[in-house]
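Residue-level structural notes
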Amino acid sequence: MRPLTLTFSAFGPYADEQSLDFRKLGQKGTYLITGDTGAGKTTIFDAIIFALYGEASGTNRDASMMRSKYADEDTPTFVDLTFLYSGKEYRIRRNPEYLRPKKRGKKTDGSVELTKERAEAELTMPDGEVITGAKVVTERVET
C-alpha cells in the first residue's frame, strides 16, 4: 500500500484541516517522516491507520481520542486517504464518533445543544463501487 494523499480535519492536535500529498515524494523508495518531538509525526500514522481500520496506530490511544480538543465545535472531524494497492487506486473517508452542535435549535437558555455524530466510513473501490458503514469498510480493508 502506498499513500497518495492524506487529508484530516479536527484530528489529533490539529484544529483545522491538514493535507499531505505523498505523490510529491516520488513513486519509488521509502518515505522517512522526521521531525521534533511533538511535531505531529504520530498523527500522520494515526490518521492513516484510523482511515483504514477505525483505530489509532498505538495502544495508548483509541478512536474516541481522535477528535482534536482544539477544534471549533462546528469543525467536522474526518480522515480522507487515497492510496494505491496492487496498482489500483482506492479512497477511504472515515470519521470517529464525537459530539457536535445540532444543526437546528438551541436549549431554552440559548446555549447550543449537542448531538452525537456517528462513526462512519466510505470506501471507493477502483471500479467506482462505494462501500459504506464503518464495520463493513473495515472488514473490506482487512480482506
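Here's a quick rundown of the structure. Every value quoted in this text rests on a predicted model; they were computed, and no experiment measured them. (Residues numbered from 1 in each chain as written. Predicted model: local features only at pLDDT ≥ 70, side-chain atom pairs only at ≥ 80, totals over all residues. Heavy atoms only, no water.)

Some details on the environment of Gly26
Looking at the secondary structure, you find Gly26 in the loop between strand 2 (14–21) and helix 1 (41–53). Assessed through its relative accessible area of 24%, Gly26 is described here as partly exposed. Separated by 22 residues in the primary sequence, Gly26 and Leu4 place their C-alpha atoms 9.8 Å from one another. Aside from chain neighbours lying at most four places away, what touches Gly26 is Arg2 and Tyr31. (Helix = DSSP H or I, 4+ residues; strand = E, 2+ residues; numbered from the N terminus. Buried < 20%, exposed > 50% of the residue type's maximum accessible area, 1.4 Å probe, protein only. Contact = heavy atoms within 4.5 Å.)

Overview of unusual backbone geometry
Positive phi, close to 50 degrees, is recorded for Ala10, a residue that is not glycine. For Ala10, the location among the structural elements is in strand 1 (residues 2–11). A positive phi is found at Ser86, a non-glycine position, where the angle reads about 55 degrees. Inspection of the secondary structure assignment puts Ser86 in the loop between strand 3 (78–85) and strand 4 (88–95).

Some remarks on the nonpolar core
The nonpolar side chains of a soluble globular protein tend to be buried, and buried together. Counting residues in each nonpolar core, the largest one holds 22 residues, and the members touching the most others are Leu6, Phe11, Ile48, Val79, Leu81, Ile92 and Leu123. Sorting the residues of this core by element identifies strand 1, helix 1, strand 3, strand 4 and strand 7 (120–124) as the ones contributing at least two each. At 6 residues, the largest contribution of residues to this core is made by helix 1. Residue contacts for Phe11: discarding those within four places in its chain leaves Thr43, Asp46, Ala47, Phe50, Met66, Ser68, Thr77 and Val79. (Core = buried A, V, L, I, M, F, W, Y, C linked by side-chain atoms within 4.5 Å.)

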